[in-house]
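Residue strings, one per chain:
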Amino acid sequence: MSHLDTAIDELRDLVAFDTTSRNTNLPLIDHVEAKLLALGAVCERIPSADGKKANLHARFGPAVPGGVILSGHTDVVPVDGQPWTSDPWALTDKGDGKLYGRGTCDMKGFSACILALAPKMAAADLKKPVHIALSYDEEVGCLGAPALIDRIMEGPIQPAMVVVGEPTDMKVVTAHKGLFSMVVKVRGREAHSSLVKDGACAVTHAVPLMNFLVEEAAKMEAAAPADSPFNPPYGTLTIGEVKGGTALNILALDCEFGTLMRPCPWDDPHGLAERLREKAAGIEAEMRKAAPEARIEISIRSDVPAFAPEDNGLAERLARQLTGDNSTRVVSYGTEAGQFQKAGLSVVVCGPGSISQAHQPDEFVAIDQLEECCAFLDRMVGALQA
């Protein structure tokens, strides 16, 4: 049986697990862990705080520093309301060279290829180890990866590089923007709209905070270097959600808004958050003159660092050697790559499938992409035996 045939069988099993982020991923983790343990892998789970989900870290090869992490996430986005023409939880081959199902592209296809090559990893005379790192809750803010990365880096066997297998059409990606979001909650005091000094309108006082963010977005655009590889070439900052108030003639008790920043590697999202908090402190003090109970709360909802290009990075060199791809390429979507890079690891993003298929109804991965990924991993095993 070829690696490709095995990968397709493995993908069929993985797609059948409904690992939408709102659900547990433990049945899938049980399934993958059992397969890897049967091959002799050293495995460890890193559970979520509530125990309903888990990351999985596995290793083939010697217990020595160095080697490669193959990184993937186990969760998928919902299919609710999407016009699927086949069962999203059953791998479907329509004879057009594509395999349909939720997660086929993003990103169970990569995990299936890993499992297809796992017997070879187990049997090979590896000089450096292969680590397998499968996370939870990537799709809702890369929430599971930090604990997984911390556990790996705290251990005695620290890897040297990471291949994040998000869909890139098996091309080498060396940078992407990050993801940083905040929720701002303003609590005032209700009063009749004609008696503005008797209360504190939460909506009115939220407006200067939103305007501050609009001004910060303009500064980010102006600060982008002329040679930025990104599209658009600057980090972006948007306000995507606003809610509050009861009626036009009532000073609003509450206002809440959410803001999303997609920072480039040179942007400072935490500095922005600190400046926003300073602005909010002044507004809160003004509100408390009429309403001592007034308050403004700012919380960080997601914090995924940007992935910056590395100068002659180990992971990039390996990926280019294995793929023959020498093009410079960045993407606009985010991955866990920046989190691994922040931990001090060399990282590259390279995996089967096209991001244009991710999160779509009738999501698919092309069969030749799985074949190319299996060949990539096969060559990687050979490189780690040298």
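Quick caveat, the model's predicted, so the values are computed rather than measured.

Draft legend 1. Looking closely at the sheet that holds strand S5 (residues 98–100). Spatially, the three strands line up as an open sheet ordered S4-S5-S15, and their pairing is antiparallel. Unpaired on one side and paired on the other, strand S4 (92–93) and strand S15 (364–366) mark the two borders of the sheet. Examined bridge by bridge, S5 and S15 share three bridges and lie antiparallel to one another. In the sheet register, Tyr100 faces S15, and the bridge partner there is Phe364. Where helix H3 (residues 104–123) meets the sheet, it contacts S5 and S15, and its direction lies at approximately 55° from that of S15.

Draft legend 2. Molecular detail of the sheet that holds strand S2 (residues 54–60). Strand order in this open sheet of six strands is S1-S2-S6-S3-S7-S14, and the pairing throughout is mixed. Each end of this open sheet is capped by a strand with a single partner; those strands are strand S1 (42–47) and strand S14 (346–349). For this sheet, the mean angle separating the axes of adjacent strands, direction not counted, is 20°. Here strand S3 (residues 68–73) pairs with strand S7 (residues 161–164) via four bridges, running parallel. Pairing of Ile69 across the sheet is with Val162, part of S7.

Draft legend 3. View of the pairing of S14. The alternating pattern of S14 places Ser346 and Val348 on one face and Val347 and Val349 on the opposite face, and all of these are buried. With four bridges connecting them, S7 and S14 associate as parallel partners. Residue Met161 lies in a different strand from S14, and its bridge partner there is Ser346.

Draft legend 4. View of the packing of aromatic side chains. Counted by the stated rule, this structure contains two aromatic pairs. One cation-aromatic arrangement involves Lys98 over Phe364; the distance from NZ or CZ to the ring centre is 4.5 Å.

Draft legend 5. Just the pattern of salt bridges, in detail. Counted by the stated rule, this structure contains 20 salt bridges. Among the ionic pairs, Glu216 bridges to Arg275, the shortest N-O distance being 2.7 Å. You can see Glu216 sitting in helix H5 (residues 202–223) and its partner Arg275 sitting in helix H6 (residues 269–287), a full 59 residues away along the chain. Accessibility expressed as a relative area gives 6% for Glu216, which makes it buried. Here the salt bridges do not stand alone but share partners, grouping Asp30, Glu33 and Arg45 into one network.

Draft legend 6. Spatial organisation of the side chain of Glu10. Examined against the element boundaries, Glu10 turns out to sit in helix H1 (residues 3–15). A residue is classified by how much of its surface remains accessible, and Glu10, at 9% relative accessible area, is buried. Beyond its immediate stretch of four places on either side in the chain, Glu10 contacts His31, Lys35, Ala112, Leu115 and Ala116.

Draft legend 7. Expanded view of the packing of H1 against helix H9 (residues 367–384). Their axes nearest at 9 Å, the elements H1 and H9 cross at an angle of 115°. When the interaxial angle is binned, H1 and H9 end up roughly perpendicular. As H1 runs across H9, the sense of the crossing is right-handed. Residues His3, Leu4, Ala7, Ile8 and Leu11 of H1 lie in contact with H9, whose contacting residues are Ile367, Leu370, Glu371, Cys374 and Asp378.

Draft legend 8. Layout of the environment of Cys255. Following the sequence through the fold, Cys255 ends up in strand S11 (residues 254–262). You can call Cys255 buried: its relative accessible area is 3%. For the pair Cys255 and Val242, spaced 13 residues apart in the sequence, the C-alpha separation amounts to 7.4 Å. Ignoring anything within four residues of it in the chain, the contact list for Cys255 reads Val184, Lys185, Val186, Ala202, Val203, Ala206, Val242, Lys243 and Gly244.

Draft legend 9. Here's a closer look at the side chain of Gln369. Following the sequence through the fold, Gln369 ends up in helix H9. With relative accessibility at 11%, the residue Gln369 sits in the buried group. With sequence-adjacent residues up to four places away left out, Gln369 is seen in contact with Asp169, Met170, Gly351, Pro352 and Gly353.

Draft legend 10. Region of the structure containing the nonpolar core. Leu36, Leu70, Leu377 and Met380 are the most contacted members of the largest nonpolar core, which has 53 residues in total. Of the residues forming this core, the biggest block, ten residues, is contributed by H3. The next biggest cluster of nonpolar side chains, apart from the first, holds 31 residues, and it includes Ala202, Phe212, Phe257 and Ile296.

About the criteria used
- The residue numbering used here restarts from 1 in each chain and proceeds along that chain's sequence as written.
- The predicted nature of this model means local features are confined to residues of pLDDT at least 70 and side-chain atom pairs, given and counted, to a pLDDT of 80 or more, with totals for whole chains, interfaces and linings taken over all residues.
- Calculated side-chain values reflect all of the structure's heavy atoms, with hydrogen atoms and water omitted.
- Here, any two strands with at least 2 DSSP bridges between them count as paired.
- Numbering of helices and strands runs from the N terminus, with a helix taken as a DSSP run of H or I at least four residues long and a strand as a DSSP run of E at least two residues long.
- Contact between two residues is taken to exist if any of their heavy atoms lie within 4.5 Å; hydrogens are not considered.
- Axes, fitted as lines to C-alpha atoms, cover a helix only where it is in contact. Angles between the N-to-C directions of the axes lie from 0 to 180 degrees.
- Think of it in three bands: residues with accessible area under 20% of the maximum for their type are buried, residues over 50% are exposed, and the middle band is partly exposed, with areas taken using a 1.4 Å probe on protein chains only.
- Stacked, tilted and edge-to-face are the three classes applied to pairs of Phe, Tyr and Trp rings, where Trp contributes its six-membered ring and a pair requires centres within 6.5 Å; stacked means planes under 30 degrees apart, edge-to-face means over 60, and tilted covers the rest.
- Here, over-ring charges are defined by two tests on the NZ atom of lysine or the CZ atom of arginine: distance to the ring centre within 6 Å, and angle to the ring normal within 35 degrees.
- Whenever a carboxyl oxygen of Asp or Glu lies within 4 Å of a side-chain nitrogen of Lys or Arg, that contact is scored as a salt bridge.
- Convention used here: angles under 35 degrees read as roughly parallel, angles over 145 as roughly antiparallel, angles from 65 to 115 as roughly perpendicular, and any remaining angle as oblique.
- Handedness of each helix crossing follows the sense of rotation of the near helix against the far helix: counterclockwise by less than a right angle gives left-handed, clockwise gives right-handed.
- For the purposes of this section, nonpolar cores are sets of buried Ala, Val, Leu, Ile, Met, Phe, Trp, Tyr and Cys residues that join through side-chain atoms within 4.5 Å.

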